[in-house]
Amino acid sequence: MGIEPGRLHFSWVSSAEATKFVDVVKKVTSEVKALGPNKQFVKKKG
Amino acid sequence: MDVYNSGLVQRKAIYVEYAQAVPLKYCIDPENCIYLTRGKCGNCAKVCPAGAIDYEQKEKELTLNVGSIVLAPGFKSFDPSKLDFYNYASHKNVVTALEFERILSASGPTMGHLARVSDKKEPKKIAWFQCVGSRDVNKCDNAYCSSVCCMYAIKEAAIAKEHAGNDLDCAIFYMDIRTHGKDFERYYDNAKDKGVRFVNSRIHSVLPVFGTDDLEVRYVDEAGKLITEVFDMIVLSTGFETPPEVVKLANDLDIDLTVGNFAKTSAFDPVATSREGIYICGSIAGPRDIPQSVVDSSAAASDAGEILSSARNSLTTVKEVVPETPVVGDPPKIGVFVCKCGINIAGVVDVEAVRDYAASLPYVEYVGDNLYSCSQDTQDAMADIIKSKNLNRVVVAACTPKTHEPLFQETLIGSGLNKYLFEMANIRNQDSWVHKNNPELATQKAMDLVRMAVSKVALMEPLEEAELEINQEALVIGGGIAGLTSSQSLAGQGYNVHLVEKSDVLGGQALNIYKTASGEYVQENLTALINKVESNEKIKVYLETEIVSTDGFVGNFRSILSTGGEEKNIEYGVSIVATGASALEPDEYNYKSDERVLTSLELDRRFINNDPELSKINSAAFIQCVGSREPDRPYCSRVCCTHSIENALELKKLNPEMNIYILYRDIRTFGEREYLYKQARQEGVIFIKYSVDNKPEVINRDGRLIINIVDHVLRLPVEIEVDLLTLATAILPPNNKKIAGFYKVPVNDDGMFVEKHAKLGPSEFATDGVFLCGLAHYPKPIEESVAQGKAAASRAITLLAKKKTNTIGTIAKIFSMNCSSCGVCISICPYSAPSYIEEGPFTGKAQINPVLCKGCGLCVASCRSGAINLKGFDNDQIFAQIYALKEAV
Amino acid sequence: MSDWEPKIVSFLCNWCSYGAADLAGVGRMQYPPNIRVVRIPCTGRMSPKFALAALREGADGVWVSG
């Protein structure tokens, strides 16, 4: 469908793993940031 | 003078104690009202439209008939004005720690802005002095350690740095750092990493710097050099004291006090006073922090309840139920309340902007902001607004629904709204706290979260909850002191208990211990407790038994027990986890190669066996923190300092000529255990301090056992030859993964169970119906394990005594019309909630048992016909949240 | 382009990652402010439709965490 794999992330973090949570947030954010804005699949506006 | 703000600001003669006071009512200060003192004025009576002013109110005497009494009179913070060398009374910038708490507080005199008292200047350098009014018999009479001051000083320093930025210099002057509580040592390590300075020195005096408001301090540093430093502010870490009126109360009630004026108790009955039927909790039992006070209070409730269990529910009144306002078919009228949480949220997120933004969203009828949404007065105000504005949906943007949703839902119920017409936007835990340095984006995120919540709540419908019976039996896992005590308390209040123990004996670690810190023999008391448990017909003991599997949920658990391969099913309503811990077996200090090197518990064993060899020893040493407070095990094991000192004194008793050395990092004899430390020094026990990066070295030289260490006073290496070396080894949690999996409860990085709330819920889990006590929670001495065993039982009984519980309303529901009878939901559900309908027009279609459904949504996602709908997390509602984002992107 | 900040829709399990997120807050751990959390009762509730809808509505990323 033309969505870059880096836009969709899955992970498993238990409720005690706050540090892991933060690490994943950072990783996901930087990977998405590297891809730039999502243009492939967005509903055309107006 | 405003007493609540520690006298830092003035208040009027008519005042409200503090913003969260319950009841939130004004009162007159009789010492400062000129009508009451001089008979003049009386203005307030003239202007009050409600006629609420009554100058004639007098103290009333009430007579109550009760079966037991719980004393919780608290403590007084030590008054340092009598210690003139600290200049507290004469210099405004010398404050007590409680005053500093007010300065840091959002509701304090500076609204949480860090400023010193004299000139409101932002301080650049702050010093904390530990042990002011504690561990001191020269300048005051408090020989005990106040137990909490090290931790609060570190906390204040860390928060001060958080408020003022990292260039604020915080220095803590201490004798021993005592961070013996759960996760405290980590906090201490983090504070060091953040640059809080720790100086091992007791400050002799404070001198004002002429012509400024600054303060000069002189001390000798660890290298022996005299240093003069100037600080902007000095915080005195003042200790606990039992106030004279409490001493009088204790005397009037005829209960015994210790030399430190705390209630005298036995380690095996830690909340019972010397007088039957009178119990204690909190700091009257000794200086203690919040979690321990909470444990004590639950334990006292258990003890008080035990002797009254026959009278339970004989004087209760039934709560009035507010009828639910029907909302179905009405257009949504949403109220949005944005919480400041003091400065926790408002310090980062622009709360007013979020509030005004919320007003622009569809269906929003009302917006407001609160300083603390969870306070009782705000709750009442919210209920009034819901009723007067006829709101039918509510959004609270505040902390996390995981802790506060039930509270706000209660307010909805009280206002006649179904509790599911509610949504929270998590703008604290998941926003302001984690995006501190990015207020602009945090505010934007808060707006997005509020918009998502508003669009979801508009689609929420009232939901019903099913009622469920609570099985009146309990399972206790672990037959150590904590588990035995829990079982005993539960049975004492009339409940049947299954007590499961993995080994072939009851008693746990206590079987290895000689005496408690209070000098009581453990074995005699333990045997008495075991006998009571074994002879109690309400307690069924299963030895050499393990739990094979567990399913079910609060009120209706089922487990399979295995005893020597033989399996048995049990059903119960609550579970208490008391799985204990064990001593580390060290692989350092020649433990494995030299039989003269023992662990603490092995030395105890020799005492228990009256080993005659012990009195023949000429020289003995103890090494502290073996395996504790190390990089890979960064917690303090809490009991070892006291225990080694206790055993050193026992050895001295056997042979007063014996040379005894205790090699330590910080001596942590908290509370009245400090007396033992003092006694040991008086009796000639030699204490030598070492640091983790310069540990003592143990060698065997021609059969002689030699310890090399650098003496901290002489600053020279010394060699000690001993006949006996005892290692104070760490307390290790067992592998708790299996139990954690059974009840879906978390385990922390150290392998210990994580309680519901570190301060307010120490004896229970976040999972309903599962409780926690003893070493499984954190290393602790016997008296604390007993107290927590009682506390866990007490918390469990609050649930059992209800007899019925409500299931959740957010469950799956099948539209039988759309169901294709494929059976995927039936095979996929982990709780066996769906089944085929066996009769009627929809025979063969699936249905869901609302009692079994946990609302996970697995069946909803798996249903190929789209026939299943998860109430509260419906497709529409989740899509609404996603669509609400469109505007943002 | 340098000041562009992605929006990431995060579907977090109430019992696992959502709890971890709260705990991260309690620990004052700092992380980028780009995620927008949708609380779901369990990742079992997650449907591909949600992820697609989020991307369609212009989200730059989707993160599902149990």
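Because the structure is a prediction, the values reported are computed rather than measured.

1. With respect to the overall build of chain B
Secondary structure summary: chain B contains 22 helices and 42 strands in total. Its C-alpha radius of gyration of 31 Å places chain B within 12% of the 29 Å reference for a compact globule of 889 residues. Counting only C-alpha atoms and orienting by the principal axes, one finds that chain B spans roughly 90 × 80 × 60 Å. For chain B, the proportion of its 889 residues judged to be buried stands at 45%. A sequence separation of at least 24 residues applies to 70% of the contacts in chain B between residues at least 6 apart.

2. Some details on the overall build of chain C
Counting its secondary structure elements, chain C contains two helices and three strands. Written out in order from the N terminus, the α and β elements of chain C read β-α-β-α-β. Its C-alpha atoms give chain C principal-axis dimensions of about 30 × 30 × 10 Å.

3. Section: the pairing of strand E34 (residues 717-722) of chain B
Side-chain direction in a regular strand flips from residue to residue, so the side chains alternate between the two faces of the sheet. Residue and element names in this part refer to chain B. In this structure, strand E33 (residues 704-710) lies alongside E34, joined through six bridges in antiparallel fashion. The residue bridging Leu705 from the neighbouring strand is Val722, located in E34. The turn linking E33 back onto E34 is made up of six residues, and Arg715 within it adopts a positive phi angle of 55°.

4. Quick notes on the interface of chain C and chain B
Opposite the 30 residues of chain C that make contact, chain B presents 36 residues. Counting residues per element, the ones that place at least two in the side of chain C that touches chain B are helix H1 (17-26), strand E2 (35-40) and helix H2 (48-56) of chain C. Per-class residue counts for the side of chain C that touches chain B are 17 nonpolar, six polar and seven charged.

5. Quick word on the sheet that holds strand E12 (residues 233-238) of chain B
Two modes of strand pairing occur in sheets, parallel and antiparallel, and in both the strands are linked by backbone hydrogen bonds. Residue and element names in this part refer to chain B. The five strands lie next to each other as E5-E12-E6-E7-E8, forming an open sheet whose pairing is parallel. Among the strands making up the open sheet, the edge pair consists of strand E5 (94-96) and strand E8 (197-200). Averaged over all neighbouring strand pairs, the angle between strand axes comes to 25°, with direction disregarded. Alignment of E5 against E12, held across three bridges, turns out to be parallel. When the bridges of E12 are listed, Val94 appears paired with Ile234.

6. Digging into helix H4 (residues 149-164) of chain B
Residues and elements named next belong to chain B. The terminal C-alpha atoms of H4 lie 22 Å apart, and with 16 residues this matches the ideal 22 Å at 1.5 Å per residue to within 8%. Restricting attention to buried positions, one finds in H4 the residues Cys149, Cys150, Met151, Ala153, Ile154, Glu156, Ala157, Ala160 and Lys161. Looking at the buried positions of H4, the neighbouring elements they touch are helix H3 (97-104), strand E6 (125-132), strand E7 (169-174), helix H5 (184-193) and E12. Within two residues after H4, Gly165 carries a phi angle of roughly 95°, on the positive side.

7. A look at the sheet that holds strand E18 (residues 422-426) of chain B
Residue and element names in this part refer to chain B. Reading across from one edge, E16-E15-E17-E18 is the order of the four strands in this open sheet, with parallel pairing throughout. Of all strands in the sheet, those bounded by a partner on one side alone are strand E16 (364-370) and E18. Sheet twist, expressed as the mean angle between neighbouring strand axes with direction ignored, is 15°. In this sheet, E16 lies alongside strand E15 (residues 334-339) in parallel orientation, the contact comprising six bridges. The residue bridging Val336 from the neighbouring strand is Val367, located in E16.

8. Comments concerning the nonpolar core
Residue and element names in this part refer to chain B. Within the largest apolar cluster, 228 residues are counted, with the highest numbers of intra-cluster contacts made by Val336, Val395, Ala397, Val450, Val454, Ile576 and Leu725. Every residue in contact with Leu725, bar those within four places of it in the chain, is listed here: Tyr589, Arg596, Val597, Ala621, Ile623, Val698, Leu705 and Ile707. Val94, Leu114, Trp128 and Val132 belong to the second-largest nonpolar core, a separate cluster that totals 44 residues.

9. Remarks on the domain arrangement of chain B
Each assigned domain of chain B is listed with its residue range as follows: domain 1 (1-65), domain 2 (76-241), domain 3 (334-457), domain 4 (470-581 + 733-805), domain 5 (583-732) and domain 6 (812-870). Just the C-alpha atoms count here: the centres of domain 1 of chain B and domain 6 of chain B sit 62 Å apart.

10. Digging into unusual backbone geometry
Residue and element names in this part refer to chain B. Non-glycine residue Glu544 carries a positive phi angle of around 45°. Position of Glu544 relative to the elements: it lies in the loop between strand E22 (539-542) and strand E23 (545-553). On the basis of neighbour counts, which here come to 13 C-beta atoms within 10 Å, the residue Glu544 falls in the partly exposed class. Phi angles above zero are rare outside glycine, and Arg715 is one such case at about 55°. Structurally, Arg715 is set in the loop between E33 and E34.

11. As for the packing of helix H7 (residues 290-306) of chain B against helix H19 (residues 782-800) of chain B
Residue and element names in this part refer to chain B. Relative orientation of the contacting elements H7 and H19 amounts to 65°, with a least axis distance of 7 Å. Regarding H7 and H19, the two cross each other, and that crossing is left-handed. In contact with Gln292, Val295, Asp296, Ser298, Ala299, Ala301, Ser302 and Asp303 of H7, H19 contributes Glu784, Ala787, Gln788, Lys790, Ala791, Ala793, Ser794 and Arg795. Class assignment of the residues belonging to the contact of H7 with H19 gives a composition of six nonpolar, five polar and five charged.

12. Details of the pairing of strand E24 (residues 556-563) of chain B
All names here are of chain B. Of the pairings in the sheet, the one linking E23 to E24 comprises eight bridges and is antiparallel in character. Bridged to Thr545 within E24 is Thr563. Here E23 hands over to E24 after two residues, with Gly555 in that stretch at a positive phi of 90°. Summarising the sheet, E24 and strand E25 (residues 566-572) pair through seven bridges and their orientation is antiparallel. For Phe557, the partnering residue across the bridge sits in E25 and is Tyr572. Where E24 folds back on E25, the antiparallel hairpin that results is connected by two residues, among which Gly564 adopts a positive phi of roughly 55°.

13. Some details on helix H10 (residues 401-414) of chain B
Residue and element names in this part refer to chain B. Between its terminal C-alpha atoms H10 stretches 18 Å, which fits the 20 Å expected from 14 residues at 1.5 Å a residue. Burial in H10 covers these residues: Pro401, Lys402, Phe408, Thr411 and Leu412. Taken around the axis of H10, the buried residues stretch over an arc of 145°, which confines them to a single face. Along H10, exposed side chains directed more than 90 degrees from the buried face belong to Pro406 and Leu407.

14. A look at the environment of Ile570 of chain B
Residue and element names in this part refer to chain B. For Ile570, the location among the structural elements is in strand E25. Each C-alpha atom, one on Ile570 and one on Arg558, is 5.7 Å from the other, the two residues being 12 residues apart in sequence. Each residue touching Ile570, except ones within four places of it in the same chain, is listed here: Leu475, His498, Ser559 and Leu561.

15. Observations regarding the packing of helix H15 (residues 600-608) of chain B against helix H16 (residues 640-654) of chain B
Residue and element names in this part refer to chain B. Here H15 crosses H16 at 35°, and the two axes come no closer than 11 Å. Of the two elements, H15 crosses H16, and the hand of that crossing is left-handed. Contacts from Ser600, Leu603 and Phe607 of H15 reach H16 at Cys640, His643, Ser644, Asn647 and Glu650. Taken together, the residues that form the contact of H15 with H16 break down as three nonpolar, four polar and one charged.

16. Focus on the environment of Leu705 of chain B
All names here are of chain B. Looking at where Leu705 falls in the secondary structure, it is placed in strand E33. Judged by the 20 C-beta atoms lying within 10 Å of it, Leu705 is buried. Separated by 29 residues in sequence, Leu705 and Pro734 have C-alpha atoms that sit 32 Å apart. Leaving out residues up to four positions away in the same chain, Leu705 has contacts with Asp594, Arg596, Asn700, Glu721, Val722 and Leu725.

Cut-offs and rules
Residues numbered from 1 in each chain as written. Chains lettered and ligands numbered in written order. Predicted model: local features only at pLDDT ≥ 70, side-chain atom pairs only at ≥ 80, totals over all residues. Helix = DSSP H or I, 4+ residues; strand = E, 2+ residues; numbered from the N terminus. Rg over C-alpha atoms; globule rule 2.2 N^0.38 Å. Buried ≥ 20, exposed ≤ 12 C-beta atoms within 10 Å, placed from the backbone. Contact = placed C-beta atoms within 7 Å. Pairing = 2+ DSSP bridges. Nonpolar A, V, L, I, M, F, W, Y, C, P; charged D, E, K, R; others polar. Axes fitted to C-alpha atoms, helices over the stretch in contact; angles between N-to-C directions. Expected span 1.5 Å × (residues − 1). Core = buried A, V, L, I, M, F, W, Y, C linked by C-beta atoms within 7 Å. Domains from an automatic or database assignment. Left-handed = near helix turned anticlockwise from the far one by under 90°. Arc of directions from axis to C-beta.

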